[in-house]
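# Analysis of the macromolecular model
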Amino acid sequence: MSENLSKLAGRKGLTNPLFEQLVSESKQTGTIATDNMREKAREFLIGKANVYGTVSFYDFLKAENKGKKAYVCNGSACLLAGTQERVENSLKEHFKAEEIGHMCCLGRCHENGAFHFNGSNYSAKSDQEIQSILRSDKAPGLDNYPVTSNLNNPILTNPAPNWDDFFGFLKYTLSEDRSSLLEELKISNLRGRGGAGFPLGLKLESCLVVEADQKFIVCNADEGDP
């Protein structure tokens, strides 16, 4: 995550952004001291709550994760797979209990058994695989552990579908009248993935009926779970 954000900041031409400074300090001390958070807020002319919110949100910056050497994924896919207790017990053979933390969703939902070590995310089906990863002399990274799938017909690792097949439905929707499409959505009772399961048709209709020259849809794209 930190590398991704750093690359995005570089695209914007930012040479020493706040997030980069927080990550650099956390690598030296394990977290960000309260006094330093206040200093960053003054330096970047933002509220103290903004800096604290950033530090307390990202697992590798949190104060409670100071000194952690490995992290077990506690995302819903891994927990439902029932693999994480075994992963944590296996890690305890190599680290002290207080050296093992948790991270929410490491992006290995297709394999489960996910854990984070030395800056990279891995999946492991057995204690032997975990030992092999931890003892590897190679630089850690996804190249050391290829992305595979438990499914007979993989989703993430399948070849990309044909362009026309993939966008066929989109072409159909763009050619139809929006009122009729909205009615189809309402009849289908398709619901959002939030806890309330709010009907999508009603959401879109509320956007449609608002009178304004410019409209905005606020979408929560921060969820780490599938």
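That block above? That's the structure.
What you are looking at is a predicted structure, and each value in this text was computed from that prediction instead of being measured.

### Re the packing of helix α3 (residues 34–43) against helix α4 (residues 48–57)
Where α3 contacts α4, the two axes come as close as 8 Å, and the packing angle between them is 125°. In this view, α3 runs oblique relative to α4, as classed from their interaxial angle. Our pair here, α3 against α4, has a crossing hand that is right-handed. Contacts between α3 and α4 involve Met37, Arg38, Lys40 and Ala41 on the former and, on the latter, Lys48, Val51, Tyr52 and Val55.

### Quick word on helix α9 (residues 178–188)
If you check the start of α9, you find a side-chain oxygen 3.0 Å away from the backbone N of serine 179, and it comes from aspartate 177. The positive-phi residue at the C-terminal boundary of α9 is asparagine 189, with phi of around 60°.

### As for a nonpolar patch on the surface
The grouping of Leu208, Val209 and Val210 at the surface amounts to a nonpolar patch, some 240 Å² of accessible area in total. Turning to its location among the elements, valine 210 is positioned in the segment after α10 (200–209). Accessibility expressed as a relative area gives 44% for valine 210, which makes it partly exposed.

### Here's the deal with the sheet that holds strand β3 (residues 114–117)
Taking strand neighbours across the sheet as the criterion, the four strands line up as β2-β1-β3-β4 in an open arrangement whose pairing is mixed. With one partner strand each, in any of the chains shown, β2 (100–103) and β4 (120–123) form the two edges of the open sheet. Strand-to-strand, the axes of this sheet are offset by a mean angle of 30°, without reference to chain direction. Taken strand by strand, helix α6 (residues 84–91) contacts β1 (70–73), β2 and β3, and its axis lies near 170° from that of β1. Packing against the sheet, helix α7 (residues 127–135) makes contact with β3 and β4, and its axis sits at approximately 20° to β3.

What counts, and at which threshold
Residues numbered from 1 in each chain as written. Predicted model: local features only at pLDDT ≥ 70, side-chain atom pairs only at ≥ 80, totals over all residues. Heavy atoms only, no water. Axes fitted to C-alpha atoms, helices over the stretch in contact; angles between N-to-C directions. Helix = DSSP H or I, 4+ residues; strand = E, 2+ residues; numbered from the N terminus. Parallel < 35°, antiparallel > 145°, perpendicular 65-115°, else oblique. Left-handed = near helix turned anticlockwise from the far one by under 90°. Contact = heavy atoms within 4.5 Å. Polar contact = N/O pair within 3.5 Å; in protein donor to acceptor, adjacent residues only side chain to side chain. Patch = residues over 30% accessible without salt bridge, like charges linked within 9 Å, V, L, I, M, F, W, Y side chains within 5 Å. Areas by Shrake-Rupley, 256 points an atom, 1.4 Å probe, with all protein chains shown as cover. Salt bridge = Lys/Arg side-chain N within 4 Å of Asp/Glu carboxyl O. Buried < 20%, exposed > 50% of the residue type's maximum accessible area, 1.4 Å probe, protein only. Pairing = 2+ DSSP bridges.

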